[in-house]
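Observations on the three-dimensional arrangement
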Amino acid sequence: MEQKKIIIDTDPGHDDAIAILLALASPELEVIGITCVAGNAPLHLTEVNALRICELAGRKDVKVFSGCDRPMVRKLVTAEEVHGETGLDGPDWEEPNMELQPQHAVDWLVETLLDAEDQSITICPVGPLTNLGMALVREPAIASKIQAIVTMGGGYFVGGNVTPAAEFNIFVDPHAADVVYRSGIPIVAMPLDVTHKALMTKEWINTLSELGTEVGIKSAQMLTFYNRFDLARYGMAGSPVHDPATIAYLIEPDLYTGKDVYVEIETRSNLTMGMTVVDYWGARRKDPNCHWVSEVDDAGFFRLMYDRLATL
Ligand code: RIB
Ligand code: CA
């Protein structure tokens, strides 16, 4: 099987952590690097959390890079109310032995992509798009090297989760998102429209704990902490575990259904800043710039995650 080369751009973050574990547990994918960004927590925490997750997966070989510590234009907004003071509250974490790579994530992205064959690398941003946006501004020629951007972010039918209009990743850095959505690179978006249709239950979390492995136990501890916020906010039967949707899509795309649409990012209005303005019905007659995913086989998604995490 030819492995798909991917770069995960991330702000771990509990759901980011599960996405990273899922990717590292899946032989279909070759994680050639993990680039960290400020988002759920400040960069000095998200970078350490990325190292922790690689060590948890037994993958000290993975290259982890520190990237941008604030959005392109706006002031950084973080989400301690969801992810806790460490950005990965729940388990008792040791300090990681792994070290960050010395190169800045944006420099590594540019260098790696320029050296790559055309359309050979898939980028999976599951945090604010600052690193990728900055790399595209720095060196637009990297666009032709990217096979696709498979990203968690945005919302249309569901609206937002930070404001009524905006989802967190886009809200934190709408200007970077604007650069990415105007880039012409094929984009597959996993917005709240689909992540809110795969709700994680306490029972499912318990099946991870019952694996009895360090990955299973720590994943259950992370997700138990993470679950409380959305259960309280939405009063749903479970909480959306957003970021792994990008990785699950790469492994089993048939789990998902979407539509090619034109998406624009609001970067001016204070009321709707960071809104993904989705022309779902083609009113503007613009060529689509995104495959907007809105349906998921949720049972299949949780089966895939369980089966793969059980191998670590
Ligand atoms: O809105 C959900 C997204 O924001 C997820 O990527 C979560 O990790 C946070 O970054
Ligand atoms: Ca994230």
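Scroll up for the structure.
What you are looking at is a predicted structure, and each value in this text was computed from that prediction instead of being measured.

Each value, and the rule that gives it
- Residues numbered from 1 in each chain as written.
- Chains lettered and ligands numbered in written order.
- Predicted model: local features only at pLDDT ≥ 70, side-chain atom pairs only at ≥ 80, totals over all residues.
- Heavy atoms only, no water.
- Donors = N, O, S within 2.8 Å, 3.2 Å for Na, K, Ca; no water.
- Helix = DSSP H or I, 4+ residues; strand = E, 2+ residues; numbered from the N terminus.
- Buried < 20%, exposed > 50% of the residue type's maximum accessible area, 1.4 Å probe, protein only.
- Near = heavy atom within 4 Å.
- Polar contact = N/O pair within 3.5 Å; in protein donor to acceptor, adjacent residues only side chain to side chain.
- Areas by Shrake-Rupley, 256 points an atom, 1.4 Å probe, with all protein chains shown as cover.
- Nonpolar A, V, L, I, M, F, W, Y, C, P; charged D, E, K, R; others polar.
- Salt bridge = Lys/Arg side-chain N within 4 Å of Asp/Glu carboxyl O.

Here the focus is the coordination of the calcium ion (ligand 2). Protein-derived coordination of the calcium ion (ligand 2) comes from Asp11 (OD), Asp16 (OD), Asp16 (OD), Val126 (O) and Asp243 (OD), at a distance range of 2.2 to 2.6 Å. One chain supplies every donor to the calcium ion (ligand 2), and in sequence these donors are spaced D-x4-D-x109-V-x116-D. In this pair, Asp11 sits in the loop between strand S1 (4-10) and helix H1 (14-24) while Asp243 sits in the loop between strand S8 (239-240) and helix H11 (244-251), placing the two residues 232 residues apart along the sequence. Note on Asp11: relative accessible area 0%, which makes it buried. The class for Asp243 is buried, based on a relative accessible area of 2%.

Surrounding ligand 1, one finds Asp11, Asp15, Asp16, Asn40, Val126, Met152, Asn161, Glu167, Phe168, Asn169, His242 and Asp243. Within the side chain of Asp16, an N or O atom sits 2.9 Å from an oxygen atom of ligand 1. A distance of 2.6 Å separates an oxygen atom of ligand 1 from a polar atom in the side chain of Glu167. For ligand 1, whose free accessible area comes to 280 Å², the fraction covered by protein is 96%. Elements with a minimum of two residues in the shell around ligand 1: H1 and helix H6 (168-172). Here the shell around ligand 1 is composed, by residue class, of 3 nonpolar, 4 polar and 5 charged.

Applying the stated criterion across every chain, the model contains 11 salt bridges. As a salt-bridge pair, Arg308 and Glu28 come within 2.8 Å of each other at their nearest N and O atoms. With Arg308 in helix H12 (residues 298-309) and Glu28 in the loop between H1 and strand S2 (29-36), this pair connects stretches of sequence that are 280 residues apart. By the burial criterion, Arg308 is buried, and Glu28 matches it. Linking Lys197 and Glu295 is a salt bridge whose minimum nitrogen-to-oxygen distance equals 2.8 Å.

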